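Close look at the chain arrangement
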2 protein chains.
Amino acid sequence: MVARSNRVTIHDVAKAAGVSVSTVSKALNDTGRMASETREKIKSIAAEAGFRPNALARSLLFNRSFTVGLLTNDTYGRFTLPLMSGISEALVDHGVSVFLCAIEDDPALAKVHVDAMLDKQVDGIIATGKRVDRSLPVDLAGLPVPVVYAFTEGVPGSVILTADDSDGARLAVERLRKVGRKRIVHVTGPDSFVSAVERADAFRQAVGPDALVMHGAWTEAWGHEAVAMLWGGDKPTPDGIFCGNDQIARGVVDALRERGVRVPEDVSIIGFDNWEIFADQTRPALTTVDMNLKELGRTAGLTILDLAEGRAVEAGLRKLPCKLVVRQSCGGDREI
Amino acid sequence: MVARSNRVTIHDVAKAAGVSVSTVSKALNDTGRMASETREKIKSIAAEAGFRPNALARSLLFNRSFTVGLLTNDTYGRFTLPLMSGISEALVDHGVSVFLCAIEDDPALAKVHVDAMLDKQVDGIIATGKRVDRSLPVDLAGLPVPVVYAFTEGVPGSVILTADDSDGARLAVERLRKVGRKRIVHVTGPDSFVSAVERADAFRQAVGPDALVMHGAWTEAWGHEAVAMLWGGDKPTPDGIFCGNDQIARGVVDALRERGVRVPEDVSIIGFDNWEIFADQTRPALTTVDMNLKELGRTAGLTILDLAEGRAVEAGLRKLPCKLVVRQSCGGDREI
DNA sequence: TCAACGTGAGAAAACGTTTTCTCATCATTT
DNA sequence: AAATGATGAGAAAACGTTTTCTCACGTTGA
């Protein structure tokens, strides 16, 4: 047929132990009946030979590949990597490995990857992306394996996991209040993003009816611009700014410094995302909302496992809480 | 044994077509002898039934899983993601999927993942990391599958792929010269990094014996600090700065702006890494050296495939050329 | 008319496991 | 002494493919 490798199989162990393969299998799996002496002998011979069962053969038998696919169009990895990390962490204990497929918004490529995963009999597929209000360029409904959507739009009736944006906004406002801020504004991304809108709504709810929300791009430049607008007029300037992401926050902090406004003494800043490369490098380092993506990944992994093993899982959208990561940009970080 | 799935197998097709499984197999693979009429009929029946061969079964037979493992300790994904993207792109045409395993510098975790990959009969393993002069916390020598090291330290005698740091430095200096710069300095990371040293050496080679190289941290803060040092004394200030990464470059650009020094009119800046989130967001946007990590990934993928299929591959360190990505921070970007 | 040959298609083995079933042996009970 | 039961271990089937071998049948040539 084809060149055989030299890996040691259960047959080799059987031969070495002078027993049948069935006996070896039962010995190693602690099943069946046999003299405990035989069992131990076989175990030691197998260990010595470095025998490890071929997972492919077991998969074929059990119809379980102990493999899941992670499909993403987030080429940057901004959201995918923490998620992946959580998934992997949750599943490695169960002997499950993860196929990562980056599909770059290309429907044809997506289909190729999905088919390849299906052919390899993945136990399930986790779909993720870079926005919760956009779906991947491929239809995952009606697949012969379970699907979980994490941080991306999913079809109705499916399991969808996402971060609770409202919770994140509440956390931020709560903190700003706690450090004594009264005039709080929200500088965030475009209102075409559901996330931005949800946070803005929760922000208004928490701050009050006349709360100011400024929509713009998700960029540092918009942070600068927003500061120019806020400090440029003759209205009273804010003493607390909740930013829609860490890049905007970075822009805001830099712009304030250029104006001689002190952060956090004069104004408290809170970001969103906890993208460490920004949050940590900004001076002062950003206090920011963390979406707990790793935890989200862990949940996604365990959910797909439940599904794969036939346990019932409640369908629908499930929002996981955020957490606040306290650094210096908001103040109050020493009080603890 | 276990719950069977309802996937359509070759047996189902055979039954539907009223022939034997061997005939179906030969029909679909265009092998063997049979009436072309039979062949076509079987093909159409298979297509209609949506038959796709179970890759697990083929793998078992061929001793090839069409699967490779990517092992990384770069949790950030700064280097791993472009690499992964290239690997995947190169291999998807060959029906090969990629297991991604993030091992976070944990030897035990690494071993677990490697064992899991081996059990699943991966055709090869690609190791990668965050530095070319550090190795992963696991010994990959003597594995029963081929290993390729990409952007991480590998054992002697193995295949090691990395970016050509010297080439990158030469590219940068060449460009600075081309836009007319005479007093060029290099602000880079710690000299404990082989990459930093290699680039520094190539820089000196290109600029001349009295070239100034400043080692510091890989941070924006160091960029600021370096500018303070360069502009703080009474020596002539440089008119071109080659930075060791984009974060330093960002710091340098910001510090210069604060001093009223114009970029690129007065001073040309070139970064390293082409980390778009920095390079693109800096004002002016950074001209920077790109290590071609995606191409490196592609090469790594094809190499592991060669190895897996028994083709000879020359062992040793192979350095792939960099490329310069021209934006605005160096000037000369309109001349083209 | 008979041998040689070509053609179409199926049977069976193989890949490496696990599990069910069967069976031989030996000890215990009547 | 014969029947029963417990114990230890192996044979075989199964998972879904591919490939080699075999064979029946029909055609061609002498």
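Residues numbered from 1 in each chain as written. Chains lettered and ligands numbered in written order. Predicted model: local features only at pLDDT ≥ 70, side-chain atom pairs only at ≥ 80, totals over all residues. Heavy atoms only, no water.

Structural notes on the interface of chain A and chain B
- Taken together, the contact between chain A and chain B spans 59 residues of the former and 59 residues of the latter.
- The contact between chain A and chain B buries some 5100 Å² in all, and 53% of this surface belongs to carbon and sulfur atoms.
- In terms of surface lost to chain B, no three residues of chain A exceed A:R7, A:L56 and A:K120, which account for 14% of the buried area on that side.
- In this structure, the connection of chain A to chain B is made through 8 salt bridges.
- Between A:D254 and B:R250 there is a salt bridge, with its nearest N and O atoms 3.7 Å apart.
- The interface formed by chain A and chain B includes 18 residue pairs in polar contact (both at pLDDT 80 or more). (Contact = heavy atoms within 4.5 Å. Buried area = accessible area lost by both parts, 1.4 Å probe. Salt bridge = Lys/Arg side-chain N within 4 Å of Asp/Glu carboxyl O. Polar contact = N/O pair within 3.5 Å; in protein donor to acceptor, adjacent residues only side chain to side chain.)

Let's talk about the protein's contact with DNA strand C
- Taken together, 28 residues surround DNA strand C, and among them A:I10, A:S25, A:L61, B:T23 and B:R33 come closest.
- What you see for DNA strand C is that sugar and phosphate hold 55% of its atoms within 4 Å of the protein.
- In this structure, a base oxygen belonging to DNA strand C sits 3.0 Å away from a side-chain N or O atom of B:K26.
- Mapped by element, the contributors of at least two residues to the surface near DNA strand C are α1 (10–17), α2 (21–29) and α4 (55–62) of chain A together with α2 (21–29) and α4 (55–62) of chain B. (Near = heavy atom within 4 Å. Helix = DSSP H or I, 4+ residues; strand = E, 2+ residues; numbered from the N terminus.)

Comments concerning the domain arrangement of chain A
- Entries for chain A in the domain assignment read domain 1 (10–53), domain 2 (64–163 + 293–321) and domain 3 (165–291).
- Here the C-alpha centroids of domain 1 of chain A and domain 3 of chain A sit 64 Å apart. (Domains from an automatic or database assignment.)

Notes on the protein's contact with DNA strand D
- For DNA strand D, the set of nearby residues contains 28 residues, the closest of which are A:T23, A:R33, B:I10, B:S25 and B:L61.
- Expressed as a percentage, the sugar and phosphate content of the atoms of DNA strand D within 4 Å of the protein is 61%.
- Between DNA strand D and the protein, one listed contact pairs a phosphate oxygen with a backbone N or O atom of A:S20 at 3.0 Å.
- B:N54 has a polar backbone atom sitting 3.2 Å from a phosphate oxygen of DNA strand D.
- If you list the elements that add at least two residues to the surface near DNA strand D, you get α2 and α4 of chain A together with α1 (10–17), α2 and α4 of chain B.
- Of the residues that constitute the surface near DNA strand D, the class distribution is 12 nonpolar, 10 polar and 6 charged. (Nonpolar A, V, L, I, M, F, W, Y, C, P; charged D, E, K, R; others polar.)

Topic: the nonpolar core
- By size, the foremost hydrophobic cluster in this structure holds 84 residues, and its most contacted members are A:F242, A:M291, A:L296, B:F242, B:M291 and B:L296.
- Among residues more than four places away in sequence, those in contact with B:F242 are B:G168, B:A169, B:A172, B:L176, B:V185, B:H186, B:V187, B:F203, B:I270, B:G271, B:F272 and B:V289. (Core = buried A, V, L, I, M, F, W, Y, C linked by side-chain atoms within 4.5 Å. Buried < 20%, exposed > 50% of the residue type's maximum accessible area, 1.4 Å probe, protein only.)

Some words on the relation of the copies chain A and chain B
- Overlay of chain A on chain B (RMSD 0.0 Å): rotation 180°, translation along the axis 0.0 Å. Taken together, the rotation and translation relating the two chain copies correspond to the operation of a two-fold axis. Closest approach to the rotation axis within chain A is made by the C-alpha atom of A:F99, at a distance of 2.2 Å. (Least-squares fit on C-alpha atoms with pLDDT ≥ 70 in both.)

Here's the deal with the pattern of salt bridges
- Counted by the stated rule, this structure contains 48 salt bridges over all chains.
- For A:R52, the salt bridge is made with B:D119, and the minimal N-O distance between the two is 3.2 Å. Here the residue A:R52 occupies a position in the loop between α3 (36–49) and α4, and B:D119 occupies one in helix α6 (residues 107–119), the pair thus bridging two chains.
- Residue B:D119 is classed as buried on the basis of its relative accessible area, which comes to 17%.
- Where A:R183 meets A:D239, a salt bridge forms, and the shortest distance between an N and an O atom there is 4.0 Å. With A:R183 in the loop between α7 (165–178) and β6 (184–188) and A:D239 in the loop between α9 (220–232) and β8 (240–243), this residue pair connects regions lying 56 residues apart in the sequence.
- For A:D239, a relative accessible area of 8% gives the class buried.
- Look at the salt bridges and you will find they share partners, linking A:E220, A:R250, A:D254, A:R257, B:E220, B:R250, B:D254 and B:R257 into a network.

Observations regarding the environment of A:P284
Residue and element names in this part refer to chain A.
- By secondary structure assignment, the location of P284 is in the loop between α11 (276–279) and β10 (287–290).
- Once the C-alpha coordinates of P284 and V185 are considered, the two residues, 99 residues apart in sequence, prove to be 19 Å apart.
- Excluding residues that lie within four positions of it along the chain, P284 makes contacts with V253, V263, Q328 and S329.

Concerning the sheet that holds strand β6 (residues 184–188) of chain B
All names here are of chain B.
- Spatially, 6 strands are ordered β7-β6-β8-β9-β10-β12 in an open sheet, and the strand pairing comes out mixed. One side of each edge strand has no neighbouring strand; the edge strands of this open sheet are β7 (212–215) and β12 (323–325). Strand-to-strand twist in this sheet, taken as the mean axis angle between neighbours without regard to direction, amounts to 20°.
- Across 3 bridges, strand β8 (residues 240–243) lies against strand β9 (residues 268–272) in parallel orientation. Opposite G240, over in β9, you have S268 as the bridge partner.
- Against the sheet, helix α7 (residues 165–178) contacts β6, β8, β9, β10 (287–290) and β12, and its axis sits at roughly 165° relative to β9. (Pairing = 2+ DSSP bridges. Axes fitted to C-alpha atoms, helices over the stretch in contact; angles between N-to-C directions.)

Brief notes about helix α10 (residues 246–259) of chain A
Residues and elements named next belong to chain A.
- Taking 1.5 Å per residue as the helical rise, α10 with its 14 residues ought to reach 20 Å, and the 20 Å between its terminal C-alpha atoms agrees with that figure.
- A large share of α10 lies buried, amounting to 11 of its 14 residues.
- D246, Q247, I248, A249, R250, G251, V252, V253, D254, A255 and L256 are the residues of α10 that are buried.
- Directly beyond the C-terminal end of α10, a positive phi value near 80° is found at G260. (Expected span 1.5 Å × (residues − 1).)

Let's talk about α4(B)
- Here α4(B) has its buried residues at B:A55, B:L56 and B:S59. An end-on view of α4(B) places all buried positions within 100° of arc, on one side of the element.
- Contacts made by the buried residues of α4(B) are with α4 and α6 (107–119) of chain A.
- Where α4(B) begins, the capping side chain belongs to B:N54, and its oxygen is found 2.7 Å from the backbone nitrogen of B:L56. (Arc of directions from axis to C-beta.)

Quick look at the sheet that holds strand β12 (residues 323–325) of chain A
Residue and element names in this part refer to chain A.
- Across the sheet, 6 strands lie side by side as β7-β6-β8-β9-β10-β12; this open sheet has mixed pairing. Whereas interior strands pair on both sides, the edge strands pair on one side only; in this sheet they are β7 (212–215) and β12. Averaged over all pairs of adjacent strands, the angle between strand axes in this sheet comes to 20°, irrespective of strand direction.
- In this fold α9 packs onto β6, β7 and β8, with an angle of close to 140° to the strand it touches most, β7.

Here we look at the side chain of B:N73
- Position of B:N73 among the secondary structure elements: in the loop between β1 (67–72) and α5 (80–92).
- At 2.9 Å, the side chain of B:N73 forms a polar contact with the side chain of B:D105.

Some words on the packing of α1(A) against α3(A)
Residue and element names in this part refer to chain A.
- At a minimum axis distance of 10 Å, the contact between α1 and α3 shows a crossing angle of 125°. As summarised for this structure, α1 and α3 are arranged oblique, according to the angle between their axes. Where α1 crosses over α3, the handedness of that crossing is right-handed. Residue-level contacts link V13, A16 and A17 of α1 to K41, I42, I45 and A46 of α3. (Parallel < 35°, antiparallel > 145°, perpendicular 65-115°, else oblique. Left-handed = near helix turned anticlockwise from the far one by under 90°.)

Considering the pairing of strand β4 (residues 147–150) of chain A
Residues and elements named next belong to chain A.
- Judged by which residues are buried, β4 turns out to be covered on both faces: V147 and Y149 on one side and V148 and A150 on the other are all buried.
- In terms of strand pairing, strand β3 (residues 124–128) meets β4 through 4 bridges, oriented parallel. In the sheet register, T128 faces β4, and the bridge partner there is A150.
- Note: β4 against strand β5 (residues 159–163), 3 bridges, orientation parallel. Along β5, the bridge assignment pairs Y149 with I160.

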